[in-house]
Amino acid sequence: EAEVAQSPRYKITEKSQAVAFWCDPISGHATLYWYRQILGQGPELLVQFQDESVVDDSQLPKDRFSAERLKGVDSTLKIQPAELGDSAMYLCASSLARDQPQHFGDGTRLSIL
Amino acid sequence: GESVGLHLPTLSVQEGDNSIINCAYSNSASDYFIWYKQESGKGPQFIIDIRSNMDKRQGQRVTVLLNKTVKHLSLQIAATQPGDSAVYFCAENRANQGGKLIFGQGTELSVKP
């Protein structure tokens, strides 16, 4: 069964450093999402791509977060500089279309020291 | 307002019994709902979905019921097994907002052998 691939699985870094997460969606999925999940809560959308274009980044803290999907396939989410409050699970999901089920990767667990 | 919430944060059932997990939503315009299962350290796993033109949908050992009148949906798991232990989220897909998923806080299902 095709899966959404994410790396790294874990990232520990100090505040003020830069971090980057990578996501490879299921082949053929045009829509890609990045979510942040705090322990004990449901995921919250950060940014959504349709092919290479950003559709929704209204919840992305743009002073420190950036996301790109240059060729409309894989995607990178970056944080610079990282803050203590950024510690969370960062999940990537993809779907064939906006009204189709989203399939998630296993995420990157980020810990900021 | 935006909210998709679960009535119970934890549910404990005996192996072999049926489980019922409930979810309330507030946006009457929502027309697509998804149930996810999330095991510790993993991303949400798609279980089953339902659109608003249906009130019931069945999968393998799972059934989702949708009551649009009271804005409520439930997930029924038949013959619950230890492998069903996880956190279950209902999510509301806002197709008119680009397919944005609004998650509830989750219900932790614990299966006693």
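In case you missed it, the structure is sitting above this.
Counting starts from 1 at the beginning of each chain's written sequence and moves along it residue by residue. Each chain is given a letter, starting from A, and each ligand a number, starting from 1, according to the order in which they appear as written. Local features in a predicted model are, by the rule used here, given only for residues with pLDDT of at least 70; side-chain atom pairs are given and counted only at 80 or more, and totals for whole chains, interfaces and linings are based on all residues. Values shown for side chains rest on all heavy atoms present in the structure; no hydrogens or waters enter the calculation.

## Some details on the sheet that holds strand β8 (residues 75–79) of chain A
The strands that make up a sheet are held in pairs by hydrogen bonds between backbone atoms, and each pair lies either parallel or antiparallel.
All names here are of chain A.
Next up, step 1: One requirement defines pairing of two strands: DSSP has to find at least two bridges between them. A helix here means a DSSP run of H or I that spans at least four residues, while a strand means a run of E at least two residues long, and both kinds are numbered starting from the N terminus. Across the sheet, four strands lie side by side as β1-β3-β8-β7; this open sheet has antiparallel pairing. Two strands bound the open sheet, and with one partner strand each, they are β1 (5–7) and β7 (65–68). Direction aside, the axes of adjacent strands within the sheet are offset by 15° on average.
Next up, step 2: In the sheet, β1 pairs with strand β3 (residues 19–24) via three bridges, with the strands oriented antiparallel. Bridge assignment links Gln6 to a residue of β3, and that residue is Cys23. To obtain each axis, a line is fitted to C-alpha atoms, and for helices this fit is confined to the stretch in contact; angles are then taken between N-to-C directions over 0 to 180 degrees.

## Structural notes on the state of the cysteines
Next up, step 1: In what follows, a disulfide is any cysteine sulfur pair within 2.5 Å. Inspection of every chain in the model, using the stated rule, returns two disulfides over all chains.
Next up, step 2: In this model, Cys23 of chain A is linked to Cys92 of chain A through a disulfide, with the two sulfur atoms separated by 1.9 Å. Judged by the sign of its S-S torsion, about -70°, the cystine formed by Cys23 of chain A and Cys92 of chain A is left-handed. Pair noted here: Cys23 of chain A is in strand β3 and Cys92 of chain A is in strand β9 (residues 88–95), with a separation of 69 residues, a long-range link. A single burial state applies to Cys23 of chain A and to Cys92 of chain A, both of which are buried.
Next up, step 3: Shown here is the disulfide that connects Cys23 of chain B with Cys90 of chain B, its sulfur atoms set 1.8 Å apart. For the disulfide bridge between Cys23 of chain B and Cys90 of chain B, the dihedral angle about the S-S bond is near 50°, and by the sign convention the bridge is right-handed. Of this pair, Cys23 of chain B sits in strand β3 (residues 19–25) while Cys90 of chain B sits in strand β9 (residues 86–94); the two residues are 67 residues apart in sequence, bridging distant segments of the chain. Here Cys23 of chain B matches Cys90 of chain B in class, with each residue buried. For each residue, the accessible area found with a 1.4 Å probe, counting protein chains only, is set against the maximum for its type, and the residue is called buried under 20%, exposed over 50%, and partly exposed in between.

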